Amino acid sequence: MAPLSFMTAGVSLAVKSFNVFSCISSLARCTRVLPTVYLTSVKCLTSQAIDRPKKPMNAFLRFAVPQAAIMSRQHPGNERGNLMRNIAEQWKTMSPEQKQPFQEATAQAMQQYKVDIKSYKAQLSPAQLQQQLLETKQKLAKKKVNSKKRELTKLGKPKYPRKPFNIYMSEHYDEARGTNIWEKMKSLQEDWKSLSSQLKQVYIQLAQDDAIRFKNEINAWEANMVEIGREDLLRPKSLSARKKAASKEKKEQIASEEKAKKTNKTTTAKSKAGAKAGTTATAQAKSKKAGKML
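A quick note: this is a predicted structure, and the numbers were derived from the prediction, not measured.

Peer 1: Sorry if this is basic, but what is going on with the pattern of salt bridges here?
Peer 2: Oppositely charged side chains can form a pair if their charged atoms are brought close together. Overall, the coordinates contain 8 salt bridges when judged by the stated rule. Residue Glu89 pairs with Lys92 through a salt bridge whose shortest N-O separation is 3.7 Å. With Glu89 and Lys92 both in helix α5 (residues 80-93) and 3 residues apart, the pair spans about one turn of that helix. In this structure Glu89 comes out as partly exposed when scored by relative accessible area, which is 47%. A residue is classified by how much of its surface remains accessible, and Lys92, at 27% relative accessible area, is partly exposed.

Right, here's the structure in full:
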């Protein structure tokens, strides 16, 4: 049975593979209406990128992708996520003999991939290799950021407070002038600029209330993270405040211990001085008594 993380990653990748064509067409439609502020530059595919060998699918994906296409035709109303979860459960119940053809195909494809990628890299210049290394690091960094976002969402991290204009936009977007996102955003910005100070103050107050909401929720959430041992998820300023508080507490503890030691030394010295004085007085009394007897 494959590990849970492997199965989860496999399901996610299979869904992406299954949706690739619909995603491309959706992107083409969306880019026609999105404002330029929401668009990022897209790298043109070069022959170098096209010719780069693709890493082969693992055994589970070799089984899941075609199976998903079949099940989608059989159950067109079923959501793709549920579809892939059912396929993952089916994969778990399969015997080693049933999985073997997919695993063998993956092993053969991986051997061929190693040969192809080695040949491909041999054709690249040092500058191209360096560029590929940089792009790989960027992809890994982006993947790490996205993974952390998903983790924070799963752990219930509160949403950041909204700005006054964001609140105004969410309330008036449907009635905004324009037939696409860009036109609506432009009209909303114009309406916001022409809005009276009195009306703006309403949204400013709502934003302030939302900031208070966030402060209360984030403090409670961070306290919960500390309890479960996830201090690494705290905000930098919260971590800094905790470190300062811990440092202050440690200094106060050290000062208290030093004070206690000094007090003990003083008490011990007084006790010794008192005992010595008592001994001296006793000795003097005995000497005086002995003199009288003589």
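Additional details are given in the paragraphs that follow.
Peer 1: Teacher, can you tell me more about the packing of helix α4 (residues 59-74) against helix α6 (residues 96-122) here?
Peer 2: Any two packed helices are characterised by the angle at which their axes cross and by the distance between the axes. One can describe the packing of α4 onto α6 by two numbers: an axis separation of 7 Å at closest approach and a directional angle of 115°. In this structure, α4 meets α6 at a crossing whose hand is right-handed. In this structure, α4 contributes Ala59, Arg62 and Phe63 to the contact, and α6 contributes Phe102, Gln103, Ala105, Thr106 and Ala109. Of the residues in the contact of α4 with α6, the class split is 5 nonpolar, 2 polar and 1 charged.

Peer 1: Looking at this model, I keep getting lost on the packing of aromatic side chains. Mind explaining?
Peer 2: For any pair of aromatic rings, the description consists of the separation of the ring centres together with the inter-plane angle of the planes. Scanning all chains against the criterion turns up 9 aromatic pairs. Seen in terms of ring centroids, Tyr168 and Tyr203 are 5.4 Å apart; in terms of plane orientation they differ by 90°. Their pairing is edge-to-face. With Tyr168 in helix α8 (residues 164-172) and Tyr203 in helix α10 (residues 197-227), this pair connects stretches of sequence that are 35 residues apart. Each of the two residues, Tyr168 as well as Tyr203, counts as buried. Seen in terms of ring centroids, Trp192 and Tyr203 are 6.1 Å apart; in terms of plane orientation they differ by 70°. Their pairing is edge-to-face.

What counts and how
- Residues numbered from 1 in each chain as written.
- Predicted model: local features only at pLDDT ≥ 70, side-chain atom pairs only at ≥ 80, totals over all residues.
- Heavy atoms only, no water.
- Salt bridge = Lys/Arg side-chain N within 4 Å of Asp/Glu carboxyl O.
- Helix = DSSP H or I, 4+ residues; strand = E, 2+ residues; numbered from the N terminus.
- Buried < 20%, exposed > 50% of the residue type's maximum accessible area, 1.4 Å probe, protein only.
- Axes fitted to C-alpha atoms, helices over the stretch in contact; angles between N-to-C directions.
- Left-handed = near helix turned anticlockwise from the far one by under 90°.
- Contact = heavy atoms within 4.5 Å.
- Nonpolar A, V, L, I, M, F, W, Y, C, P; charged D, E, K, R; others polar.
- Phe/Tyr/Trp six-rings, centres within 6.5 Å; stacked < 30°, edge-to-face > 60°.

Interpretation note: all reported values are geometric properties and have no functional meaning in isolation.
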